[in-house]
2 protein chains.
Amino acid sequence: MRVATEEPGQPRESVRTGGIQVDHYLRALFAPKSIAIIGVSATSTRSGNEFFGKVRGYGFEGRVYAVGRNGGTVDGEPIYPSVKDLPEVPDLVFGAVGMQATPQAMTEAAAAGVKVGVVFTAGFAEMSDDGARIQRDMVARCNELGMRVVGPNCMGVFSTGSRMNLTDVEHLAPGRIGFVSQSGNIALTLFDNARRHDLGFESFVSFGNQADIPAIDYVEYMGQDDAVDVILLYLESLQEDAGADFIARCRAVAERKPIVAIKGGVTDAGRRAAASHTSRLSAAEDIYDAAFEQAGVVQVRDLDHVMAVAEALLRCPPMKGDNIAIVGSGGGHSTVGTDCVERAGMTVPAFDQELRDTFGQYLPPWAPMSNPVDMTGGFTEDLTLFKTLMRYPLSRPEFHGGLSYGLYGEGWRPGLVDDNGRTFESAAPLLATLQEELGKPIVFYTPFAKEHEEAFTAMRLSGVPCYGSLAEAAAALAALKARGSFLARTEGQEGTGQDQASPSGAGPGYALTEYESLQRVADAGVTTVRQELVTSAEEAVAAGEAIGYPVVLKAQLADVAHKSDVNGVRLGLSSADEVAAAFRQMSAIPGAGPGIACTVSQQIAAERELLLGIRKDATFGHTVVVGIGGVLSEVAARVAVMIPPLDSTEFAHAIENSPVAAYLRAWRGKPAVDLEDLHRQVSALHAMCRADADIESVDINPLTVVGSRLQAVDAAVVLESEPETGDPRSRR
Amino acid sequence: MRVATEEPGQPRESVRTGGIQVDHYLRALFAPKSIAIIGVSATSTRSGNEFFGKVRGYGFEGRVYAVGRNGGTVDGEPIYPSVKDLPEVPDLVFGAVGMQATPQAMTEAAAAGVKVGVVFTAGFAEMSDDGARIQRDMVARCNELGMRVVGPNCMGVFSTGSRMNLTDVEHLAPGRIGFVSQSGNIALTLFDNARRHDLGFESFVSFGNQADIPAIDYVEYMGQDDAVDVILLYLESLQEDAGADFIARCRAVAERKPIVAIKGGVTDAGRRAAASHTSRLSAAEDIYDAAFEQAGVVQVRDLDHVMAVAEALLRCPPMKGDNIAIVGSGGGHSTVGTDCVERAGMTVPAFDQELRDTFGQYLPPWAPMSNPVDMTGGFTEDLTLFKTLMRYPLSRPEFHGGLSYGLYGEGWRPGLVDDNGRTFESAAPLLATLQEELGKPIVFYTPFAKEHEEAFTAMRLSGVPCYGSLAEAAAALAALKARGSFLARTEGQEGTGQDQASPSGAGPGYALTEYESLQRVADAGVTTVRQELVTSAEEAVAAGEAIGYPVVLKAQLADVAHKSDVNGVRLGLSSADEVAAAFRQMSAIPGAGPGIACTVSQQIAAERELLLGIRKDATFGHTVVVGIGGVLSEVAARVAVMIPPLDSTEFAHAIENSPVAAYLRAWRGKPAVDLEDLHRQVSALHAMCRADADIESVDINPLTVVGSRLQAVDAAVVLESEPETGDPRSRR
């Protein structure tokens, strides 16, 4: 009954039942007992004739009727003038008549008792306001009469289980994917890509203008169809107010099987394109992001990665964490593969000594063994090495999935036979047995998998996706992680805690005091607030009077990163009495004393606070960071990084192309930060660092902005080694 | 003399000279007159024998000598025991002996006067500390004797112009790309990809451990070689302190021809991999980003896009702006293509009426004509339509480049002949004539271009890249934009100004006053600060006394978004006198009066400020935004978007997976924001919105955080229509 050949490697569901058992009104669409094609002619070759011929030629075993205004016969079969003249009420009508004739033809079908009609014809809401009105009226009339409508302006429907092809496409490979697409062209593209992944389809529908049946209904039907293991959705827009329903019903389906979605029309111009294409406005990208996440839908942003993700979700178990073991052969691929995995939001933790010792039993001493493992070509003598080595990390609870890689395939070593007589093809299914045994996903990369080889097909059909792109392999793992995270959440298992980023460990170095640091940058030509170093209440008061109130009093303490924690900073001191009292309080800080060194400095009511830093890099020398300053520098980090020297054009270009650009522009009535002046300050700081090779880093934070004036308020200079003489400083 | 076949479509440089004229010490590497292969044996098949045979078989016309400790003959040629025994000093030695024998062999070559040596052998710094020491000593000794070293641990060197293949690869297609790669495997991958783009190579070097010659030297040599039009660089690390030199010299090369770079080892684990692979630490990703940008290098992040970008830079003129015209056939592709282009940082501005009218002369009325243009299949009758239509927008100064697209190729319509007798292949070169005429880049997408077709090759060789991926097409345009921007900067042409994001236009709607807004959210169950509405100084003082100082006085003004601009907000009022005085000042605001309505509210010293908003979306109903609040909400925007209802697990998951997560965690000694409480506040706000369908949006900004306490300080409720009764409100 079925043209499908079974795909192995699908342990989840062993029985294929097709759509026949599904109790859903769309059974009439995907598994009809009888079909009427409207728009068949005895004398011309209209597109109705094409579909009439195609659906019969593809092996559909139900009854197929031809309908055409002018009657006659086609291929020896009668052409009925209207659906109401047919000997029975068909389950499905397929309308391929002209736009003007469509409403009457569909309404007659509805009146005759047909439950579902497909409108292939274009020229409705996507074309004009008139078309939109005609579409609306047609759907309303059909609905009143009890018929639901697919389209208009769609590419049709296909079902492997029903041997029914009502699309433009000649042949679709059978398989276990159900595909719901708003666009025909995107569907064609993904059909083509599916071949490269040895994937096929159980069912497909293109829904075009989505005038009646909402996308979620198709998804729901495929959710109920046991012959579908993964549902693929290309979506440009939902119907008005359909969002909540979409989320809730998708989620119910996603609890049973994975849904992969790609959203078209995400940017402003993209939305304009979607509107002209399907006559709807798309909602904003971030709202759809949230909707897919909450619905348990795995979203893919890159069309090139969609089938890779579908393959992973079809063939691999979901991943219960994000620690990836990378075990394969080849240095460059291990490096780029690690980049791809980490950029896709997963981690590649170093292997411990025990694992490295184990690998050392198999690999030469120069092979990198610390995740990634690079077996440096050894697999050509023993093709089981991929499985043998991957077993060790994946057997550990702290590793959740594996990426294996190498120059695998006849494209590299034609006819290779390893020391045990294994070929690329015969060894290909080995990793899948490990995946099945451990219940953790494994994906494979070889650059040759962009082309067809029997070995790659064998690996895929055994259950391990074989990709020709590291980015696709990483996208696949990310999807398995998202799927695992969703399933864990639905079972209430996922903790919400997340490791906090630990502060980067400070290397050795000697920190100057705040006072001296600020003096140094002032001497270098950076504009700083006025400050005085004092060691008594009297000096503090004198400084306050000289600087002008309000002032800030800061204790110069060693090894206290955040002075405010020990009350080492007093802000807003407005009189001599307040300054004197504050100084006496500082003296009482544990470890301080009556002669504690403090600074008195001008208090700035900053409109903006910047971070300006320079540090030495082993490769590039001094590197500059300009970012949001103050306490937000950590939690709302937005920086521009640049390598001096830069002229003012390159400096402005670097700022404008960085995430900190908006913060430096004019906002809330404040003028833009003066980039010329900022460039001058950066250059002064850089000159200072160049002149003193002992300076390891300088942080100015905050560099305050008041009007167009920049002023450094706090600085921290770190030297590489302790200077021989000088002011009090402390080892960092 | 050359195996190269000319590639058409290269107007920039018409004469291929090969490396022969280059005045650079690496001429001895890429264009040697004589070569010695060290490690050839008369009795075994060592890898030296392989290279000896290969370099002669590939057509190298200079002299090739075999060197091997044990002498004898190979292929009828003598094997010399040492380089010093050769009848002449060769330009280049290629070392393929074991690791232990390498230092002596290379040192002997250096002593004999050889200028450049390639060390193919592995087992040096990438393997062990011992290997690093041996490598260091060998290079130092060779350098002292006047010889420079390529490698060790490299894949060799290749030159089309010299007909010299000293690599593992059997054959490299000739072409106009020079390729400098730290990794052999990545090179193999890109060689393979190059075929799909009909690209070939003039020269290639793999530099492995980079023990001596820095990467920039190879780049510089290829910069001087007129047979190279684009330089491709795969880089894992530079040598210590080599950064500034790299930037300056790359920039000098980039001013003459494009350099495309991909950096491997960008993440922490990636750096670990790079270190074990090439024995160096990589610098941080953002520093390399800055370095490439400043050096005028076009960086590509996705390995899958590298050859697409190289193709564009080879074949197309640079792009002098970022407005793209998208003209092709097919709705879904136009939508996804627009997404790709905008995500890659360019814009797709709408066409004006004049352009749309022009397109209307060629296309049916239902064809979208507003950028993207979708010719809805019409090209099958007239294959010149792509060029005809693209001419109109690209002739406008405001458009800088074009993306054309469609189901083009025999893969879609085998044997198609259009109404004028054109085939896919004969029509393919048309767009290139437009590109050349207008000096603006055009790239083409068809899903079938993943496979080889003569038509695609014809299009590429004419000068228009033909891609099988929309993401690649967008990456190519982005690279042409980056190239154009760099060239403009070097010529001092680029303005540094950038359009500011204009505030989103507020739709119609009625805004409640601040006082009423805060009351509404308080009534709904959101925790708010205490506030009182007052209309006299006496009431204000009474409220201040009741609430407790310090308090804030705010004028309730219509149509003033930012009250602080008109002194409508007074903070820190600490006594009855201050409150009374502040109230009297408010009365003096233009348009106010002695009975001005003000609020008196508790002043909160917030440790953090959040934004909490709800708005109605046409598709999804209410959507929630949680973000950084206060004045930073605009310029340091970091938000989580979610669609209620969410239980506390989904809420926490949404927060933790958003950019605002770090801001809500514990930092600087402050506890993490209580997500349970935040979820409660969100739920209360959502319940309020659901109960009153007239509420269009609610913004709470700031929602202050003090310790673990959340309090709404300011709110803005906007209704869809003016309520019939109620407190003072204003039309927004």
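Residues numbered from 1 in each chain as written. Chains lettered and ligands numbered in written order. Predicted model: local features only at pLDDT ≥ 70, side-chain atom pairs only at ≥ 80, totals over all residues. Heavy atoms only, no water.

By the naming in an unreviewed UniProt entry, chain A goes by CoA-binding protein and is assigned to Streptomyces antnestii.

(A) Main features of the overall build of chain A. Looking only at helices and strands, chain A has 24 helices and 31 strands in total. Burial status across chain A gives 60% buried among its 732 residues. For chain A, restricting intrachain contacts to residue pairs at least 6 apart in sequence, the fraction spanning at least 24 positions comes to 71%. Accessible surface, chain A as shown: approximately 26700 Å² in total, 50% of it carbon and sulfur. (Helix = DSSP H or I, 4+ residues; strand = E, 2+ residues; numbered from the N terminus. Buried < 20%, exposed > 50% of the residue type's maximum accessible area, 1.4 Å probe, protein only. Contact = heavy atoms within 4.5 Å. Areas by Shrake-Rupley, 256 points an atom, 1.4 Å probe, with all protein chains shown as cover.)

(B) Summary view of unusual backbone geometry. In this chain, asparagine 371 of chain A is followed by proline 372 of chain A through a cis amide linkage whose omega measures 5 degrees. Structurally, proline 372 of chain A is set in the loop between α12 (353-360) and β16 (373-374). With an omega of 0 degrees, the peptide bond between proline 644 of chain B and proline 645 of chain B qualifies as cis. As for its position among the elements, proline 645 of chain B is in the loop between β27 (639-642) and α22 (648-656). A positive phi angle is found at glutamine 210 of chain B, which is not glycine, with a value near 50 degrees. In this fold, glutamine 210 of chain B is placed in the loop between β11 (201-206) and α6 (215-224). Judged by its relative accessible area of 1%, glutamine 210 of chain B is buried. For asparagine 371 of chain B, which is not glycine, the phi dihedral falls at a positive 65 degrees. Residue position: asparagine 371 of chain B is located in the loop between α12 (353-360) and β16 (373-374). Its relative accessible area of 1% is what places asparagine 371 of chain B among the buried residues.

(C) Main features of the interface of chain B and chain A. At the interface, 113 residues of chain B touch 113 residues of chain A. Counting the surface lost from both chain B and chain A, the interface buries some 9600 Å², and carbon and sulfur atoms represent 56% of this. At the boundary of chain B and chain A, one finds 8 salt bridges. In this assembly, chain B and chain A are joined by 26 residue pairs in polar contact (both at pLDDT 80 or more). Top contributing element to the side of chain B that touches chain A by residue count: helix α11 (residues 331-343) of chain B, with 10 residues. When the residues that make up the side of chain B that touches chain A are grouped by side-chain class, the tally is 48 nonpolar, 33 polar and 32 charged. (Buried area = accessible area lost by both parts, 1.4 Å probe. Salt bridge = Lys/Arg side-chain N within 4 Å of Asp/Glu carboxyl O. Polar contact = N/O pair within 3.5 Å; in protein donor to acceptor, adjacent residues only side chain to side chain. Nonpolar A, V, L, I, M, F, W, Y, C, P; charged D, E, K, R; others polar.)

(D) Structural detail: the domain arrangement of chain A. When the domains of chain A are assigned, the result is domain 1 (18-310), domain 2 (316-490), domain 3 (530-602) and domain 4 (608-731). Distance from the C-alpha centre of domain 1 of chain A to the C-alpha centre of domain 4 of chain A: 58 Å. (Domains from an automatic or database assignment.)

(E) Molecular detail of the side chain of threonine 599 of chain A. All names here are of chain A. Mapped onto the elements of the fold, threonine 599 is located in strand β24 (residues 598-602). At 3.5 Å, the side chain of threonine 599 and the side chain of glutamine 556 are in polar contact. Filtering out sequence-adjacent residues up to four positions away, threonine 599 remains in contact with Tyr515, Gln531, Glu532, Leu533, Val552, Leu553, Lys554 and Gln556.

(F) Representation of the packing of aromatic side chains in the model. Residues and elements named next belong to chain A. Here the structure, examined in full by the defined rule, presents 48 aromatic pairs over all chains. Judged by centre distance (6.4 Å) and plane angle (85 degrees), the ring pair of phenylalanine 359 and tyrosine 392 falls under edge-to-face. Here phenylalanine 359, found in helix α12, pairs with tyrosine 392, found in helix α13 (residues 385-394); they are 33 residues apart in sequence, far enough to count as distant. Look at phenylalanine 359 and you get buried, because its relative accessible area is 0%. The class of tyrosine 392 is partly exposed, set by a relative accessible area of 29%. Aromatic side chains phenylalanine 386 and phenylalanine 444 sit 5.3 Å apart centroid to centroid with 80 degrees between the ring planes, which places their arrangement in the edge-to-face category. Linking phenylalanine 386 in helix α13 with phenylalanine 444 in strand β18 (residues 442-445), this pair joins segments that are 58 residues apart in sequence. Taken as a pair, phenylalanine 386 and phenylalanine 444 share a single burial class, namely buried. Taken together, the aromatic side chains of Phe351, Phe359, Tyr362, Tyr392 and Phe399 make up a single cluster linked through ring pairs. (Phe/Tyr/Trp six-rings, centres within 6.5 Å; stacked < 30°, edge-to-face > 60°.)

(G) Spatial organisation of the relation of the copies chain B and chain A. If you rotate chain B by 180 degrees and push it 0.0 Å along the axis, it lands on chain A with an RMSD of 0.2 Å. Viewed as a symmetry operation, the transformation between the two copies matches a two-fold axis. Looking at the rotation axis and the C-alpha trace of chain B, the residue lying nearest is alanine 636 of chain B, at 3.4 Å. Residue by residue, 100% of the interface of chain B is reproduced at the interface of chain A, so both copies engage with the same surface. (Least-squares fit on C-alpha atoms with pLDDT ≥ 70 in both.)

(H) Quick look at the layout of surface pockets. What the second largest pocket holds in volume is close to 1600 Å³. Leu407 and Trp412 of chain A together with Met155, Asp168 and Asn185 of chain B are, among the 47 residues lining the second largest pocket, the residues nearest its centre. Counting residues per element, the ones that place at least two in the lining of the second largest pocket are α11 (331-343) of chain A together with α5 (184-196), β11 and α8 (268-278) of chain B. When residues of the lining of the second largest pocket are assigned to their parent elements, the largest contribution, 7 residues, is made by α5 of chain B. Taken together, the residues of the lining of the second largest pocket break down into 19 nonpolar, 20 polar and 8 charged. (1 Å grid on protein atoms, 1.4 Å probe; cavity = no way out; pocket = protein on both sides within 12 Å on 5 of 7 lines; lining within 4 Å. Points joined across faces, edges and corners; volume = space filled by probe spheres on them.)

(I) Quick look at the sheet that holds strand β2 (residues 63-67) of chain A. Residue and element names in this part refer to chain A. Strand order in the open sheet formed by 7 strands is β3-β4-β2-β1-β5-β6-β7, and the pairing between neighbours is mixed. Single-partner strands in this sheet number two, and they are β3 (73-74) and β7 (148-150). Where strand β1 (residues 34-38) lies against strand β5 (residues 92-95), 4 bridges are found, and the strand directions are parallel. Note on β5: the bridge partner recorded for alanine 36 is valine 93. (Pairing = 2+ DSSP bridges.)

(J) View of the side chain of lysine 554 of chain A. Residue and element names in this part refer to chain A. Relative to the helices and strands, lysine 554 resides in strand β22 (residues 551-555). A polar contact of 3.2 Å, which involves the side chain of lysine 554, links it to the side chain of aspartate 714. The contacts of lysine 554, once residues within four sequence positions are left out, are Glu514, Gly568, Val569, Met586, Ala597, Cys598, Thr599, Ser601, Val713 and Asp714.

(K) Geometry of the nonpolar core. Counting residues in hydrophobic clusters, the biggest one holds 182 residues, and the most contacted among them are Tyr408 of chain A together with Tyr408 of chain B. With near-sequence residues (within four places) excluded, tyrosine 408 of chain B lies in contact with Leu383, Phe386, Thr423, Phe424, Ala427, Ala428, Phe444, Thr446, Phe448, Ala455, Phe456 and Met459 of chain B. The next biggest cluster of nonpolar side chains, apart from the first, holds 86 residues, and it includes Ile655, Leu703 and Val717 of chain A together with Leu612 of chain B. (Core = buried A, V, L, I, M, F, W, Y, C linked by side-chain atoms within 4.5 Å.)

(L) The arrangement of the pattern of salt bridges in detail. What the rule picks out here adds up to 76 salt bridges over all chains. Between arginine 256 of chain A and aspartate 226 of chain A there is a salt bridge whose closest N-O contact spans 3.7 Å. One end of the pair, arginine 256 of chain A, is in the loop between α7 (243-254) and β13 (259-263); the other, aspartate 226 of chain A, is in the loop between α6 (215-224) and β12 (230-235), and 30 residues separate them in sequence. It is possible to trace a salt-bridge network through shared partners that takes in Asp192, Arg195 and Arg196 of chain A together with Glu451 of chain B.

(M) Up close: α6 of chain B. In terms of residue burial, α6 of chain B counts as a mostly covered element, since 9 of its 10 residues are buried. Taken together, the buried positions of α6 of chain B are Ala215, Ile216, Asp217, Tyr218, Val219, Glu220, Tyr221, Met222 and Gly223 of chain B.

(N) Structural context of the sheet that holds β16 of chain A. Residues and elements named next belong to chain A. Judged by pairing direction, the sheet is parallel, and its 5 strands sit side by side in the order β16-β15-β17-β18-β19 without closing on themselves. Both edges of this open sheet fall to β16 and β19 (466-467), since each of them pairs with a single strand only. In this structure, strand β15 (residues 324-328) lies alongside strand β17 (residues 401-405), joined through 5 bridges in parallel fashion. Bridging from a neighbouring strand, glycine 328 pairs with tyrosine 405 of β17.

(O) How the structure looks around the confidence of the model for chain A. Residue and element names in this part refer to chain A. Residues with a pLDDT of 70 or more make up 90% of chain A, whose mean pLDDT is 87. Predicted confidence is poor over residues 494-506, with pLDDT under 50, and the contacts of this stretch with residues over four places away or in other chains come to 12 contacts. Counting contacts from residues 726-732, a segment whose pLDDT is below 50, to residues more than four positions away or on other chains yields 24 contacts. Interface confidence for the predicted complex, expressed as ipTM, amounts to 0.84; the pTM equals 0.85. (pLDDT = per-residue confidence, 0-100.)

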